[in-house]
Amino acid sequence: MHPKPSPAPHAALLCRDLAKIYDKVHALDGISFKVGKGEVFGLLGPNGAGKSTCMKIFTGLIRPSGGQAFVYGKEVVKEPLAAKRLMGFLPEFPLLFDNLTGREFITMMGLMRGMEKEEVDERVAEFTEALALEEQMDSLLGTYSKGMRQKISFTAAMIHDPPVLILDEPTSGLDPRFGKYVKDIIRRKRTEGHTVLMSTHITSVAEELCDRVAIIDHGKIVAHGTVREVVERMGVNDLEEAFIAIVEGGVRGRR
Ligand code: ADP
């Protein structure tokens, strides 16, 4: 008798026919993709394409109107806590508690995720130095600039070193030094076997970082694959041209 084949390992992230209707807006219209362990996967698309909606469904912030999303086999609607434990999320517009200091906020996030206080303190010290936040860490978040808030949110998403990072526009609006820091972390996470799902509307960021991309327009995936595959399939010179062709209607994914 042949030994039973072992079951295929779960994809880090998987969604099938994901749909979301807000009132009458079809924000997502049947999206499916799979992201493997150690992959950086980019959702690329114009404003309003549905990128944030897709990420918010994975993180359990909103419920899909149809379809399913899984994090390492945990279905996000049925097993929200198990799925959340595996993830860190950087929202596009982070909500912080203005009456806490940066240190208090990050510490709270670490403790909520089951870390020991000493471990949290060590990681906060590392991030504080790497992000040059020494002077601000003990000031109230309400006094922080936009860039500083972004740094704190990024740190909070990463504090427990989750195997899956979901990053909504992680590099937009950042000064070049912090932008480079974020990109370096994303690359490092990949080498450590962690998985990143990120959105961007900056094609050069996707070219630099993403192993594979899905271009979304009007809630549908209209192109996907490695950057090279997308570019070759569309017969254009680079991802920027592919993006513009899609947005200007060269490729139709519309209802
Ligand atoms: P992206 O992240 O690609 O810019 P979003 O996922 O934020 O796109 O939005 C997709 C569509 O859903 C847009 O038409 C947007 O206006 C709509 N939308 C997003 N959130 C809501 C909401 N809470 N209520 C109603 N419509 C929404």
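Residues numbered from 1 in each chain as written. Predicted model: local features only at pLDDT ≥ 70, side-chain atom pairs only at ≥ 80, totals over all residues. Heavy atoms only, no water.

1. Here's the deal with the side chain of Lys 51
At step 1: Along the polypeptide, Lys 51 turns up in helix α1 (residues 51-59).
At step 2: An unpaired buried charge is present at Lys 51: no salt bridge exists, and Glu 169, the closest side chain of opposite charge, is 4.5 Å distant.
At step 3: Separated by 2.9 Å, the side chain of Lys 51 and the backbone oxygen of Pro 46 make a polar contact.
At step 4: Beyond its immediate sequence surroundings of up to four residues, Lys 51 is in contact with Leu 43, Leu 44, Gly 45, Pro 46, Glu 169, Ser 199 and Thr 200. (Helix = DSSP H or I, 4+ residues; strand = E, 2+ residues; numbered from the N terminus. Buried < 20%, exposed > 50% of the residue type's maximum accessible area, 1.4 Å probe, protein only. Lys, Arg positive; Asp, Glu negative; His and termini not counted. Salt bridge = Lys/Arg side-chain N within 4 Å of Asp/Glu carboxyl O. Polar contact = N/O pair within 3.5 Å; in protein donor to acceptor, adjacent residues only side chain to side chain. Contact = heavy atoms within 4.5 Å.)

2. As for the site of the ligand
At step 1: In the region of the ligand, the neighbouring residues are Tyr 22, Val 25, Ala 27, Pro 46, Asn 47, Gly 48, Ala 49, Gly 50, Lys 51, Ser 52 and Thr 53.
At step 2: Between the ligand and Ser 52, the relevant distance is 2.8 Å, taken from an oxygen atom to a main-chain nitrogen or oxygen of the residue.
At step 3: Protein coverage of the free-state accessible area of the ligand, which is 560 Å², stands at 61%.
At step 4: Comparing atom positions with the cavity grids shows the ligand to sit within the second largest pocket. (Near = heavy atom within 4 Å. Areas by Shrake-Rupley, 256 points an atom, 1.4 Å probe, with all protein chains shown as cover. 1 Å grid on protein atoms, 1.4 Å probe; cavity = no way out; pocket = protein on both sides within 12 Å on 5 of 7 lines; lining within 4 Å. Sits in = over half its atoms within 2 Å of the grid points.)

3. Brief notes about the layout of surface pockets
At step 1: Taken as a whole, the largest pocket spans an internal volume of roughly 880 Å³.
At step 2: The wall of the largest pocket is formed by 28 residues, among which Leu 61, Phe 89, Met 109, Met 112 and Arg 113 lie closest to the centre.
At step 3: The set of elements that each furnish at least two residues to the lining of the largest pocket consists of α1, α2 (80-85), β6 (87-90), α3 (102-112) and α5 (146-158).
At step 4: By residue class, the composition of the lining of the largest pocket is 16 nonpolar, six polar and six charged.
At step 5: When residues are assigned to domains, the lining of the largest pocket turns out to be shared by domain 1 (11-86 + 165-254) and domain 2 (95-161), each giving three or more.
At step 6: Put simply, the second largest pocket is a space of about 240 Å³.
At step 7: Around the second largest pocket, the lining comprises 18 residues; the ones closest to its centre are Asn 47, Gly 48, Ala 49, Gly 50 and Lys 51.
At step 8: Sorting the residues of the lining of the second largest pocket by element identifies β2 (25-35) and α1 as the ones contributing at least two each.
At step 9: Tallied by class, residues from the lining of the second largest pocket come to four nonpolar, nine polar and five charged. (Points joined across faces, edges and corners; volume = space filled by probe spheres on them. Nonpolar A, V, L, I, M, F, W, Y, C, P; charged D, E, K, R; others polar. Domains from an automatic or database assignment.)

4. Topic: the nonpolar core
At step 1: If you look at the biggest cluster of nonpolar residues, it comprises 48 residues, and the most contacted ones within it are Ile 152, Phe 154, Leu 167, Tyr 181, Ile 186, Met 198 and Ile 215.
At step 2: Grouped together as the second largest cluster of nonpolar side chains are 26 residues, Leu 43, Cys 54, Ile 62 and Ile 166 included. (Core = buried A, V, L, I, M, F, W, Y, C linked by side-chain atoms within 4.5 Å.)

5. Observations concerning the sheet that holds strand β5 (residues 74-75)
At step 1: Strands sit in the order β2-β1-β4-β5 across an open sheet of four strands; the sheet is antiparallel. The sheet terminates laterally at β2 and β5, the two strands that pair on one side only.
At step 2: Summarising the sheet, strand β1 (residues 13-22) and β2 pair through eight bridges and their orientation is antiparallel. When the bridges of β2 are listed, Leu 14 appears paired with Lys 34.
At step 3: Sheet strands touched by α1: β1, β2 and β4 (66-71). Its angle to β1, the strand with the most contacts, is close to 115°. (Pairing = 2+ DSSP bridges. Axes fitted to C-alpha atoms, helices over the stretch in contact; angles between N-to-C directions.)

6. Here we look at the domain arrangement of the protein
At step 1: Domain parsing of the protein yields domain 1 (11-86 + 165-254) and domain 2 (95-161).
At step 2: Each of domain 1 and domain 2 has a C-alpha centre, and these two points are 26 Å apart.
At step 3: Counting from both sides, the interface comprises 14 residues of domain 1 and, opposite them, 11 residues of domain 2.
At step 4: For the pair domain 1 and domain 2, the two sides together bury roughly 1,100 Å², of which 66% comes from carbon and sulfur.
At step 5: Per-residue buried area on domain 1 facing domain 2 is highest for Leu 165, Phe 178 and Tyr 181; these three make up 40% of the total on that side.
At step 6: Across the domain 1-domain 2 interface, the total number found is one salt bridge.
At step 7: One salt bridge in this structure joins Asp 161 and Lys 189, with 2.7 Å as the shortest N-O distance.
At step 8: Counting every contact that joins domain 1 to domain 2 gives two residue pairs in polar contact (both at pLDDT 80 or more).
At step 9: Elements supplying a minimum of two residues to the side of domain 1 that touches domain 2: β7 (164-168) and α6 (176-191). (Buried area = accessible area lost by both parts, 1.4 Å probe.)

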